[in-house]
Amino acid sequence: MDLSVDIAGLRLDHPVLNASGTFDAITARAIFGDALLDDFPFSAFVSKTITPEPRDGNAPPRILETPSGMINSIGLPNKGLEGFLEQDLPELSRLPVPLIVSVMGTSHEHFRRLVEGVADRPEVAGLELNVSCPNVDSGLIVGQQPDETQELLEAVRPLTSKPLIVKLTPNVAEPETVAAAAQAGGADAVSLINTLEASAVDPGTLQPWLGGPGGGLSGPAIRVLSLAQVRRVAAGVSIPVIGMGGIESGAQALAFMVAGAAAIAVGTANFRDPMAGSRIRAELSDAVATAPPNVGSELSGRMAASTST
């Protein structure tokens, strides 16, 4: 079955992407070799989030398994813009799918520097703007404030014609309002949800267990919430929505698409099975083929419309 879709001008062979930071394509290729490229799990690859300067990330421990989920407090370790361009980009450009680079800054100037540094590279097909960090000028988390989100998009939109995808946080009362602000500022698509704020306590000391100040919950435990937020956001914007949050099967991916997602992303499942994306893609094809006629027709029509634009 033809599952190809168009996301913000990117023609993708199928609707399954990875969530940023949950799949290390460079390490995976070193382990699996070129076999990884022959059956790459995703139709586009979203890089780990990069920041203007290198980051070591949070102190360990960084990950804690929870019932039906996982808390991470990794802290965005990365090589910074220059390190990414010099070391990682040449490796990621060898992947057989479009490359979307995720970026995050703490000011408009940071985001402008990142967008300008990445968007001009021919290897890069699009950018994801991670808006989960506070703006140092206002002290407000950009992705929790519609005005902040729109102002950021208006600051970086003139810098590139390549697709800009805004990664939304679930830690807000009205995600659809933030998504609408992103669209008003010039975003080509939104993706959601990012992790839920979470914490963990050492049962022996009753002190915080994670090395960082807090963490983010992901995995199946958040799926019902992410599905609800995707439905609300998809109903409130006209740009494509990429849904994610606890997706582990093709049937679950289909539920997100019925809720309005044009594509879905696999995150926590990649930690247990690096080829989870390939399995979910195959299961999604079967799920669409066996869906009730009205669902199958709606999705087929939506996909056909997106690929004809």
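The notes below deal with the structure included here. As the structure is a computational prediction, the values presented were derived from the model and not from experiment.

Observations regarding the environment of Ala179
Along the chain, Ala179 falls in helix H6 (residues 175–185). A residue is classified by how much of its surface remains accessible, and Ala179, at 0% relative accessible area, is buried. C-alpha separation for the pair Ala179 and Pro146, spaced 33 residues apart in sequence, amounts to 7.8 Å. Other than its neighbours up to four places away in sequence, Ala179 contacts Leu168, Val190, Val233 and Val237.

A word on helix H3 (residues 80–92)
Counted at 1.5 Å a residue, the expected span for H3 with its 13 residues is 18 Å, but the 15 Å between its end C-alpha atoms falls short. Most pronounced at Glu86, the bend in H3 amounts to some 40°, and the proline Pro90 follows within four residues. Within H3 the residues assigned to the buried category are Gly80, Leu81, Gly83, Phe84, Leu85, Asp88, Leu89 and Leu92. Tucked into the core, H3 has its buried residues touching helix H1 (25–32), strand S4 (45–46), strand S7 (99–103) and helix H4 (108–119).

Quick look at the pairing of strand S8 (residues 126–130)
Taken across its five residues, S8 has five buried, putting it largely inside the fold. Burial along S8 is two-sided: the residues Gly126, Glu128 and Asn130 and Leu127 and Leu129 are all buried. Judged from the four bridges that link them, S7 and S8 form a sheet pairing that is parallel. Directly across from Ile100, in S8, lies its bridge partner Gly126.

Some thoughts on the nonpolar core
If you look at the biggest cluster of nonpolar residues, it comprises 76 residues, and the most contacted ones within it are Phe45, Leu129, Val166, Val190 and Ile264. Residue contacts for Val166: discarding those within four places in its chain leaves Leu129, Val131, Leu153, Ala182, Ala187, Ala189, Val190 and Ser191.

Quick word on the sheet that holds strand S9 (residues 164–167)
Taken in spatial order, the eight strands of this open sheet run S3-S14-S13-S10-S9-S8-S7-S4, and their pairing is parallel. Pairing within the sheet leaves two strands with one partner each, and these edge strands are strand S3 (16–18) and S4. Sheet analysis places S9 next to strand S10 (residues 189–192), joined by three bridges and oriented parallel. Along S10, the bridge assignment pairs Val166 with Val190.

Cut-offs applied
- Residues numbered from 1 in each chain as written.
- Predicted model: local features only at pLDDT ≥ 70, side-chain atom pairs only at ≥ 80, totals over all residues.
- Heavy atoms only, no water.
- Helix = DSSP H or I, 4+ residues; strand = E, 2+ residues; numbered from the N terminus.
- Buried < 20%, exposed > 50% of the residue type's maximum accessible area, 1.4 Å probe, protein only.
- Contact = heavy atoms within 4.5 Å.
- Expected span 1.5 Å × (residues − 1).
- Bend = angle between axes of the 7 residues up to and from the residue.
- Pairing = 2+ DSSP bridges.
- Core = buried A, V, L, I, M, F, W, Y, C linked by side-chain atoms within 4.5 Å.

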